[in-house]
Amino acid sequence: MKSRYDAIVIGAGHNGLVAAAYLARAGRKVLVLERRPLVGGCVVTEETWPGFRVSTASYVNSLFRPEIIRDLDLARHGFAMIPRSPSSFTPLPDGRSLLMGPDKALTHREVAKFSTRDADSLPRFEAMLERIAAFIEPTLVETPPDPWSWSPRNLTRLAKLAWQFRGLGADARAAVEILTGAANPILDRWFESEALKTTLSTDAIIGAFATPSMPGTAYVLFHHVMGECDGVRGVWGYVRGGMGALSEAIAAAARERGAEIEVNAAVARILVEGGRAAGVVLANGDEVRAPRVVSNLDAQQTFLRLMDAADLPPAFLESVTHLDYASASCKINLALSEAPAFTCLPGRGVGPQHHGTIHICPDRTYIERAYDCAKYGFISEHPVIEATMPSALDDTLAPRGQHVMSMFTQYFPYQLAAAAGTLEDNKRRYAERCIDIMTDYAPNFRRSVLGYQVLSPADLESTFGLTGGNIMQGTMSLSSLSFMRPLPGYADYRTPVAGLYLCGAATHPGGGVMGACGYNAAREILADA
Ligand SMILES: Cc1cc2nc3c(=O)[nH]c(=O)nc-3n(C[C@H](O)[C@H](O)[C@H](O)COP(=O)(O)OP(=O)(O)OC[C@H]3O[C@@H](n4cnc5c(N)ncnc54)[C@H](O)[C@@H]3O)c2cc1C
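By convention here, each chain's residues receive numbers from 1 onward along its written sequence. Local features are withheld for residues below a pLDDT of 70 in this predicted model, meaning they are given only at 70 or higher, and side-chain atom pairs are given and counted only at 80 or more; totals for whole chains, interfaces and linings count all residues. Side-chain metrics in this entry use all non-hydrogen atoms of the structure; hydrogen atoms and water are not considered.

1. Some points on the nonpolar core
We call a set of buried Ala, Val, Leu, Ile, Met, Phe, Trp, Tyr and Cys residues a nonpolar core when their side-chain atoms join them within 4.5 Å. Each residue's exposure class comes from its accessible area (1.4 Å probe, protein chains only) as a fraction of the maximum for that residue type: buried when under 20%, exposed when over 50%, partly exposed otherwise. One finds Leu74, Phe125, Ile132, Phe222 and Leu246 to be the most contacted residues of the largest nonpolar core, which totals 90 residues. Put simply, DSSP marks the helices as runs of H or I at least four residues long and the strands as runs of E at least two long, and each gets a number from the N terminus on. Broken down by element, the residue count for this core peaks at 10 residues, all from helix α4 (residues 116-140). Counting residues in hydrophobic clusters, the runner-up holds 41 residues, among them Phe89, Ile332, Leu334 and Phe412.

Following this line, the structure appears as structure tokens:
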């Protein structure tokens, strides 16, 4: 029987949608099957309470690739960014505070309150990161070279990479340290003020079950400085209408080119016939056939849950089983009757302190202590909180004068210790703790909370299909990056089964709202076709 489709994409995460849009743009007949009732995966806006529209999972954007925005004409499909200035605000227990952002004069003034030396060093630090970013960024939209392959195409790619690395000159050592090292020693070398180092270091632990003193966190820090907002580099912004507006725009671009997208359509099994992908079976028993199947799911979901072990090489399966999904991120979404009035920057209503990410973390020892609890299977006594209130800049998200807030918090271990109590009890205690901590800095906060939703790692797994609740579809440590993501020998979006591909954050260049995984996967699929 001839299939109606050239390719089936499992999952309408933003990467699955990007892959589908590029395949459709190349004239392929594509069907996207999404388990949830809406498209976007971790890039969604949901009306969690009447009138309050929340970016349920991801909440800020900078990494999404500008070439995809242009190619798919996403602005015409409703995608718009709202830059944030200032982009960060750190209230401190001693009543001081630190605002930073794209406004260089403001940042210099603010950092100088703590250290004039740091205020002068910061632009040089950022320039160093930018030079390294200029080396790494082009690799994001390229298929990683395979160091074990002698094919001429691959050797050319390796040579190009080596040449680019050579171009780093004196920055080469810093680049290697950023790729492999811990964030703390780098920050300690550059700066003296704890307020600045703490604010910067919280970006080094986002989504990682680690502290900034641990190797691998420098890359997470760096991952957060790549990207741009409306052409301004290193700036994070809000998507107007919430993150879901980006997914809706990609979906509209894909549909315009003929892709079909079905929601409430969970895939139960990937069909393999004669060693080739042949289609999928849905949870309702329907079978849809296609010569190419593209999975937006992480590696364990794809290979261990949707496939028969007999269809995969045992050694490959064994490696998939040992992939690292450690995570301790917990997202708390809140509806607020008014903006938090911070003691250190008093005033009613919305001010610059509400525009960007509000860092609740007094110093780096606080991060280590928060981690220590989770290391033994308990929720942090004092969680690290990065809060954003996008309704300060976007009037489409909440009733007038009221607000939505995202709290990205750490650490809430996926595996709770037996003595820790039930998941539900821990979720409630953890959320109450986060509300108490925010109230310490903004006394009106607790009474402003109209409702909250807690997404523990277990909830992130059950809601979005993220194994272990890992927000990046797998740890972003050096041993899981580039030609080793998801596994050595399989970083080119292909799998041991002909016609079966991965296109999600499980692949190079990894997690984050980049679209690069889907973009690269589509290129490889089209090359095979
Ligand atoms: C809480 C949280 C906060 C984050 N914050 C940010 C942020 O602010 N900025 C940023 O850049 N990144 C952030 N990230 C990371 C980023 O959102 C993800 O790495 C990225 O969105 C992953 O996209 P994806 O398309 O690869 O996969 P996913 O978004 O994981 O999409 C996979 C899709 O597959 C679907 N699916 C699963 N199983 C099936 C099945 N059997 N059949 C059919 N469909 C199925 C899922 O429902 C989902 O829609 C955050 C992630 C989380 C969870």
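2. Description of the site of the ligand
In the region of the ligand, 34 residues are neighbours, and Asn15, Glu34, Val60, Ala505 and Val513 sit closest. The term polar contact refers here to a pair of N or O atoms within 3.5 Å; inside protein, the definition further demands a hydrogen-donor-capable atom paired with an acceptor-capable atom, and it admits residues adjacent in sequence only when both atoms are side-chain atoms. Asn296 is positioned with one of its side-chain polar atoms (N or O) 3.2 Å from an oxygen atom of the ligand. Surface accessibility in these figures is a Shrake-Rupley result with a 1.4 Å probe; residues are shielded only by whichever protein chains are displayed. Computed on the free molecule, the ligand has an accessible area of 1000 Å², of which 96% lies beneath the protein chains in the complex. Partitioned by chemical class, the residues of the shell around the ligand number 19 nonpolar, 11 polar and four charged. We call a residue near a molecule or strand whenever a single non-hydrogen atom of that residue lies within 4 Å of it. In this count, Pro and Cys sit with the nonpolar residues alongside Ala, Val, Leu, Ile, Met, Phe, Trp and Tyr, while Asp, Glu, Lys and Arg are called charged and the others, Gly among them, polar.

3. Here's the deal with the sheet that holds strand β1 (residues 7-10)
Any two strands are treated as partners once DSSP identifies two or more bridges connecting them. Reading across the sheet, the five strands line up as β11-β2-β1-β15-β21 and stay open at both edges, with parallel pairing between neighbours. Of all the strands in the sheet, the pair left with one neighbour each is β11 (260-262) and β21 (500-502). When the angles between neighbouring strand axes are averaged without regard to direction, this sheet yields 20°. Note that strand β15 (residues 292-295) and β21 share three bridges and pair parallel. Looking at the pairing, Val293 lines up with Leu500 of β21. Along the sheet, helix α1 (residues 14-25) makes contact with β1, β2 (30-33) and β11, crossing β2 at roughly 170°. For helices, the fitted line uses only the C-alpha atoms of the stretch in contact; every axis is such a line through C-alpha atoms, and the angle between N-to-C directions lies from 0 to 180 degrees. Any two residues whose heavy atoms approach within 4.5 Å at even a single point are treated as in contact.

4. Some words on the side chain of Thr139
Counting through the fold element by element, Thr139 comes out in helix α4. Among the polar contacts made by the side chain of Thr139, one reaches the main-chain carbonyl oxygen of Ile136 at a distance of 2.5 Å. Discounting residues that sit within four places of it in the chain, Thr139 has contacts with Leu161, Gln164 and His508.

5. What about the pairing of β15?
The alternating pattern of β15 places Arg292 and Val294 on one face and Val293 and Ser295 on the opposite face, and all of these are buried. Sheet topology places β1 next to β15; four bridges connect them, and they run parallel. Within the sheet, the bridge partner assigned to Ala7 lies in β15 and is Arg292.

These values are about where atoms sit, not about what they do.
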